[in-house]
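Residue-level structure breakdown
What follows is the residue order along each chain.
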Amino acid sequence: MFSSKEEFKKQFLQRLEMMCGKSFAESSKDDQFDTLGHMIREHVSKNWISTNERYRSKNGKQVYYLSIEFLLGRLLRSNLMNLGIDKLVDEGLRELGINLNEIEEIESDAGLGNGGLGRLAACFLDSLASSGLPGHGFGIRYKHGLFEQKIVEGYQVELPELWLRHGQVWEVRKADLSVEVPFWGKIKSFEENGRLQFLHEDAERITAVPYDVPVIGYYNDTVNTLRLWNAEPSPFPIHRNVMKYKRNTEMVSEFLYPDDTNDEGKILRLKQQYFLVSASICSIVRSYMKSHRNLKQFHHHVCIHINDTHPVLAIPELMRILMDEGGLGWEDAWEVTTASISYTNHTTLSEALEKWPVRIFQPLLPRIYMIVHEINERFCKQLWEKYPGDWQRIEQMAIIAHDQVKMAHLALVGSFSVNGVAALHTEILKNREMNDFYQIFPEKFNNKTNGITHRRWLLKSNQDLASLITEGIGSEWIRQPLKLQELLRYRDDSAFLERLKTIKQQNKLKLAKRIREQTGIQIDPLSIFDVQVKRLHAYKRQLLNVLHIIHLYNCLKDEPNVHIYPRTFIFGAKASPGYYYAKKIIKLINTVAEKVNKDPEVNKKLKVIFLENYRVSLAEEIFPAADVSEQISTASKEASGTGNMKFMMNGAITIGTLDGANVEIKELVGDDNIFIFGLKADEVLNYQGYRSLEYYHFDKRIRKVLEGLISGFFPNIDDEFEAIYDSLLMENDQYFVLRDFDSYVSAQKKVTYTYTNQEQWLKMSLTNIAQSGHFSSDRTINEYATDIWGIDSK
Ligand SMILES: *Cc1c(COP(=O)(O)O)cnc(C)c1O
């Protein structure tokens, strides 16, 4: 579109006047952002159409990735980069007196997700398009993404997030492709032409309107689609109370994860799940029918991937469409469905495994319930034949039991592939959590270790490091990230290491500046930046990190001259609004921060920073500046982690347990380039007779830290942290915080000691960057494409 910078400037100015009805001199940054965004979207529309035509004419297989979350962050800079026009636009704007960095800041993060799972989906979209693969996303266009977090007097406060306030420049509304989704009502069955027909009467119908967002590949003319569904009243509402109907309807795409502690909330969540699934499957089948006739061939042309169990109703919904609308019999429909659907498991934490009460499920989704019921009947019969008389096993494995629908079981039975997200996680699924299912479907299980897009997390967010790498080994690593390994030849090159150090130092200065602006606190840019950023969860053990900080504080108070290398502990974390314990930990971090940062006897050596509202755009500023990556979950609990990979790719060194993908990081970099501590997964899973009180009694460092928690350390708030104290001592410390304390303190000493040897540290850092190519999501996506989906870019 822009043959030159001059051409770009000309079009930009024209466009701005047309769109905003203002002269350039009068225009605001918002106007300039909107103009640029619309120009880019139009610029890709040709390739968007031709990509779709190419897929259709090839008549190959396409994959649809269904996810309740897509944590996209900002798109402006990554779109410009993938199109290869970032430099041109940057310079063109500069000549007009506009700073592209400032324009970038105008864009709200698309925060349509909670954390790792949603960010994975976003990285996968980028890798699919950049690998030229026919893969598209389906999600929900939540009016409010994840809440905005403010810290007020140390407590988390949640504000509604308003990412659509200025409209969204990237999306295209396609009302003509809307789909009606029915809820409630009754199913009437009758025979016609010798077949049973089902009629859904008195349903509340919600219209799903697609908003399509282009997903731009890296320098390859591919533009895939992310389709986000918006819930709207149907055009002809036949309702007694129209206002109430309208409210009920719009609520479906209003919030990400509405509170589900009561039945009303549960209904809303299940509604969201079926809304996503029904609209998406309907749209997929429609598009299939445009170029094919025979639904029995569906699975040769379509793969539907479900990201965790939230979209698992894709299974009964596809059955319903194949049978009730396509006229297939049960056996044929089942064969097609189970050959079309693949499933990723993201957790083994039992509280996170979805179950829905039948009393909610059945009335809300009457036809879908009938189908799930039939799937369950047939599955139990099969089990009975295999394990005659073993009622206990059958009850455990059933999809519906004790008036609950178990979504993971439905996914295991109704899909052809089940994958875990890191080698250790997949082993735990096979050998423990899902062992019953592994015994009957061993061929379904496989591992796909997570990844991150190196384009966003290195090329875009750490441009100086990316340039240094290219200077060192050429630019091929951008297309083939495994080539980062060639950096290893600089391990003994002190000039190169020195430049690596300078870049890290500059990134740290930038973050320090940002921290000062945001919190008013001046941190020492020469201190070790020790970072833990991720959702707040008991199993992620931010608490272990805080207890260590309190311990360091105690050491400094006891012996002011004790050698502690200056450190800045940086946290970022949102807690789920109803998660009382997690919110207490946030309060604890902030309380410790206040005390440490204000104490002149220690604050030259220790600082504690809590950055509020952790999100993708903030993450992009943090990773490049980190020295130490905290990955300290209780072994066996973190399925994979992806934050660990972003840190590694930016040259931070991991202190971590052998959990999730940390295990694979360790294998790649070797024992000398990572700090491993704590119990191993099998030790945690098989632990006999843990008594946290013993650690309290026998380790006086622990005793002093915990006593401080409830008396004296924080003046006037002795009961604030009782719940934390109790969890560790009265409730026997479910996550082995005290058990791993000693090991963690030792590992942290080793971190300090190693950091003082800068040359060694830089070598470790370089090794981590060099080995991080394995964790590009391009590698992950190509494994999915080959092993699960059977798609290619030809
Ligand atoms: C990568 C990422 C996560 C996941 O972090 P983990 O440490 O793997 O839990 C969560 N939130 C955001 C904003 C991220 O970028």
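Here the structure is shown first, and the text comes after it.
On a predicted model such as this, the values are computed, not experimentally measured, just so you know. (Residues numbered from 1 in each chain as written. Predicted model: local features only at pLDDT ≥ 70, side-chain atom pairs only at ≥ 80, totals over all residues. Heavy atoms only, no water.)

Right, let's talk about the packing of helix H28 (residues 700–710) against helix H30 (residues 737–755) for a bit. Contact geometry for H28 and H30: axes closest at 10 Å, N-to-C directions at 115°. Classified by the angle their axes make, H28 and H30 are roughly perpendicular. Pair H28 / H30 crosses with right-handed handedness. Packed against H28, whose contacting residues are Arg701, Ile702 and Leu706, the element H30 presents Leu738, Phe741, Asp742 and Val745 at the interface. When its residues are assigned to classes, the contact of H28 with H30 shows five nonpolar, no polar and two charged. (Axes fitted to C-alpha atoms, helices over the stretch in contact; angles between N-to-C directions. Helix = DSSP H or I, 4+ residues; strand = E, 2+ residues; numbered from the N terminus. Parallel < 35°, antiparallel > 145°, perpendicular 65-115°, else oblique. Left-handed = near helix turned anticlockwise from the far one by under 90°. Contact = heavy atoms within 4.5 Å. Nonpolar A, V, L, I, M, F, W, Y, C, P; charged D, E, K, R; others polar.)

A few words now on the sheet that holds strand E16 (residues 400–401). The antiparallel open sheet is built from three strands, whose spatial order is E15-E17-E16. Edge positions in the sheet fall to strand E15 (355–357) and E16, since each of these pairs with one other strand and no more. Bridge count between E16 and strand E17 (residues 404–406): two bridges; the pairing is antiparallel. Bridged to Ala401 within E17 is Gln404. (Pairing = 2+ DSSP bridges.)

A few words on unusual backbone geometry. The phi dihedral of Asn613 falls on the positive side, at around 55°, and the residue is not glycine. Within the secondary structure, Asn613 is located in the loop between strand E22 (606–610) and helix H23 (616–622). A relative accessible area of 12% places Asn613 in the buried class. In this structure, Asp733 takes a positive phi of about 50° despite not being glycine. Looking at the secondary structure, you find Asp733 in the loop between helix H29 (722–729) and H30. On the basis of relative accessible area, Asp733 is assigned to the buried category, the value being 2%. (Buried < 20%, exposed > 50% of the residue type's maximum accessible area, 1.4 Å probe, protein only.)

Attention now goes to the side chain of Glu161. Mapped onto the elements, Glu161 comes out in the loop between strand E6 (155–159) and strand E7 (172–173). In this structure Glu161 is buried but unpaired, with Lys574 as the nearest side chain of opposite charge at 7.5 Å. Setting aside residues up to four positions removed in sequence, Glu161 forms contacts with Asp109, Gly111, Lys143, His144, Gly145, Leu146, Phe147 and Glu148. (Lys, Arg positive; Asp, Glu negative; His and termini not counted. Salt bridge = Lys/Arg side-chain N within 4 Å of Asp/Glu carboxyl O.)

Turning to the sheet that holds E22, a few remarks are in order. Strands sit in the order E22-E21-E20-E23-E24-E25 across an open sheet of six strands; the sheet is parallel. Every other strand in the sheet has two partners, leaving E22 and strand E25 (675–676) as the edge strands with one partner each. Alignment of strand E20 (residues 528–533) against strand E23 (residues 628–631), held across two bridges, turns out to be parallel. Within the sheet, the bridge partner assigned to Val531 lies in E23 and is Ser629. Against the sheet, helix H31 (residues 758–771) touches E23, strand E24 (653–656) and E25, its axis set at about 90° to E24.

Moving on: the pairing of E23. What you see with E23 is no split at all: Val628 and Glu630 on one side and Ser629 and Gln631 on the other are buried throughout. Pairing of E23 with E24 involves four bridges; the strand directions are parallel. Within the sheet, the bridge partner assigned to Gln631 lies in E24 and is Gly656. After leaving E23, the chain enters helix H24 (residues 643–649) and then returns to the sheet as E24, a path that is right-handed. (Right-handed = clockwise from strand over helix to strand, strands pointing away.)

Here the focus is the environment of Glu783. Turning to its location among the elements, Glu783 is positioned in helix H32 (residues 777–789). Taking C-alpha positions, Glu783 is 43 Å from Arg516, a pair spaced 267 residues apart along the chain. Ignoring sequence-local partners within four residues, the contact set of Glu783 consists of Asn447, Lys448, Thr449 and Ile788.

Taken as a whole and assessed by the stated rule, the structure comprises 26 aromatic pairs. With 5.0 Å between their ring centres and 75° between their planes, Tyr288 and Phe298 make a pair best called edge-to-face. Remark: Phe298 occurs in helix H9 (residues 298–301) and Tyr288 occurs in helix H8 (residues 263–291); sequence separation between them is 10 residues. Phe298 carries the same exposure label as Tyr288, and that label is buried. Where Tyr690 meets Tyr695, the ring centres are 5.7 Å apart and the plane angle is 45°; that geometry is what we call tilted. Tyr690 sits in the buried class, given a relative accessible area of 9%. Positioned above the aromatic ring of Tyr387 is the side chain of Arg393, whose terminal nitrogen or guanidinium carbon lies 4.0 Å from the ring centre. Cation over ring: Lys587 sits above Tyr155, and NZ or CZ is 4.3 Å from the ring centre. (Phe/Tyr/Trp six-rings, centres within 6.5 Å; stacked < 30°, edge-to-face > 60°. Lys NZ or Arg CZ within 6 Å of the ring centre and 35° of its normal.)

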